[in-house]
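Below are the chains, spelled out letter by letter.
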Amino acid sequence: MYASGNNPTPISDLFEAHLTVSELDRAVVFYRDLLALPLAGTFPERKVAFFWIGAPGKAMLGLWEAGTMPINVSLHVAFQVALSDLHEAPARLKKAGIQPRDLAGLPTEEPVVLAWMPAASVYFRDPDSNLLEFITMLPDPPRPDLGVLSWSEWVRRTPPAA
């Protein structure tokens, strides 16, 4: 049991996330060449590669070849992107040979909106079937009553911001 009422260290942001991969070299090509993440460093003896997300020193993604780290399963990482880039993401992913998907895993041509936040997202999988997401927080008020819906349905059902 944890004691409540203590003074926890304030957390300001997420710095690092890790995924396991079956072939590190293949994964490096995917994240470096298709997602254009800057390679921060590779450590072949440990079978790990690190990528910067945003400016160097801001956030990091670690890729570990299976069996080389104590955590064997990581299922999902979301990358924050600008709304304009999110709208272009399905076409860009398809051009790179990557199938854009909605929250249910079905192919999509547009972002979906998680109305309870609200945020717009496009999902896709890396070569190891890790679930990746491009996400943009929306300035609109939360609409949990709408659930998850397509971007076009969101636009149709929510009034424009004043």
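Everything that follows concerns the structure shown earlier in this document.
The structure presented is a predicted model; accordingly, all values stated were derived computationally and were not measured.

Participant: How should the packing of aromatic side chains be read in this particular structure?
Facilitator: Each aromatic ring pair is characterised by the separation of its centres together with the angle its planes make. Per the counting criterion, the structure on display carries six aromatic pairs. Between Phe50 and Trp64, the aromatic rings sit 6.2 Å apart at their centres with planes inclined by 85°, giving edge-to-face as the arrangement. Taken as a pair, Phe50 in strand 3 (residues 48-53) and Trp64 in strand 4 (residues 59-65) lie far apart in primary sequence, 14 residues in all. Exposure class is identical for Phe50 and Trp64. Each is buried. Taking the centre distance of 4.8 Å and the plane angle of 50° together, the rings of Phe124 and Phe134 count as tilted. One end of the pair, Phe124, is in strand 7 (residues 119-125); the other, Phe134, is in strand 8 (residues 131-137), and ten residues separate them in sequence. For the pair Phe124 and Phe134, a shared accessibility class is recorded, and that class is buried. Taken together, the aromatic side chains of Phe30, Tyr31 and Phe51 make up a single cluster linked through ring pairs. Positioned over the ring face of Phe43 is Arg46, at 5.7 Å from the centre of the ring.

Participant: What should I look at first to understand the sheet that holds strand 4 in this one?
Facilitator: Hydrogen bonds between backbone groups are what pair the strands of a sheet, and the pairing can be parallel or antiparallel. Spatial strand order, 1-4-3-2: four strands in an open sheet with mixed pairing. Edge positions in the open sheet fall to strand 1 (16-21) and strand 2 (39-43), since each of these has one partner strand only. Taking each pair of neighbouring strands and ignoring which way they run, the sheet shows an average axis angle of 15°. Looking at chain direction, strand 1 and strand 4 are connected through six bridges and run parallel. Considered in strand 4, the bridge of Leu19 is made with Leu63. Strands in contact with helix 1 (residues 24-34) are strand 1, strand 3 and strand 4; relative to strand 3, the strand with the most contacts, it is inclined by about 10°.

Participant: Help me understand the side chain of Thr136 in this model?
Facilitator: As for its position among the elements, Thr136 is in strand 8. According to the relative accessible area criterion, Thr136 is buried, its value standing at 7%. At 2.7 Å, the side chain of Thr136 and the backbone oxygen of Val81 are in polar contact. For Thr136, the contacting residues outside a window of four places in its chain are Val81, Ala82, Leu83, Leu86, Ala119 and Ala120.

Participant: Whenever I open this one, the sheet that holds strand 7 confuses me. Can you help?
Facilitator: Read from one edge to the other, the open sheet built from five strands follows the order 5-8-7-6-9, with strand pairing classed as mixed. Since the sheet does not close on itself, it has two edges, and those belong to strand 5 (76-80) and strand 9 (148-150), each with one partner. The mean inter-strand angle of the sheet, taken between neighbouring strand axes irrespective of direction, is 35°. As paired elements, strand 5 and strand 8 share five bridges and run parallel to each other. Its bridge partner lying in strand 8, Gln80 is registered against Ile135. Together, strand 7 and strand 8 form the strand contacts of helix 2 (residues 83-95), whose direction differs from that of strand 7 by roughly 25°.

Participant: Mind showing me how you'd approach the environment of Pro118 here?
Facilitator: Structurally, the position occupied by Pro118 is in the loop between strand 6 (112-114) and strand 7. On the basis of relative accessible area, Pro118 is assigned to the buried category, the value being 1%. Sequence separation between Pro118 and Thr136 is 18 residues, and the spatial gap between their C-alpha atoms is 8.9 Å.

Parameters and conventions
Residues numbered from 1 in each chain as written. Predicted model: local features only at pLDDT ≥ 70, side-chain atom pairs only at ≥ 80, totals over all residues. Heavy atoms only, no water. Phe/Tyr/Trp six-rings, centres within 6.5 Å; stacked < 30°, edge-to-face > 60°. Helix = DSSP H or I, 4+ residues; strand = E, 2+ residues; numbered from the N terminus. Buried < 20%, exposed > 50% of the residue type's maximum accessible area, 1.4 Å probe, protein only. Lys NZ or Arg CZ within 6 Å of the ring centre and 35° of its normal. Pairing = 2+ DSSP bridges. Axes fitted to C-alpha atoms, helices over the stretch in contact; angles between N-to-C directions. Contact = heavy atoms within 4.5 Å. Polar contact = N/O pair within 3.5 Å; in protein donor to acceptor, adjacent residues only side chain to side chain.

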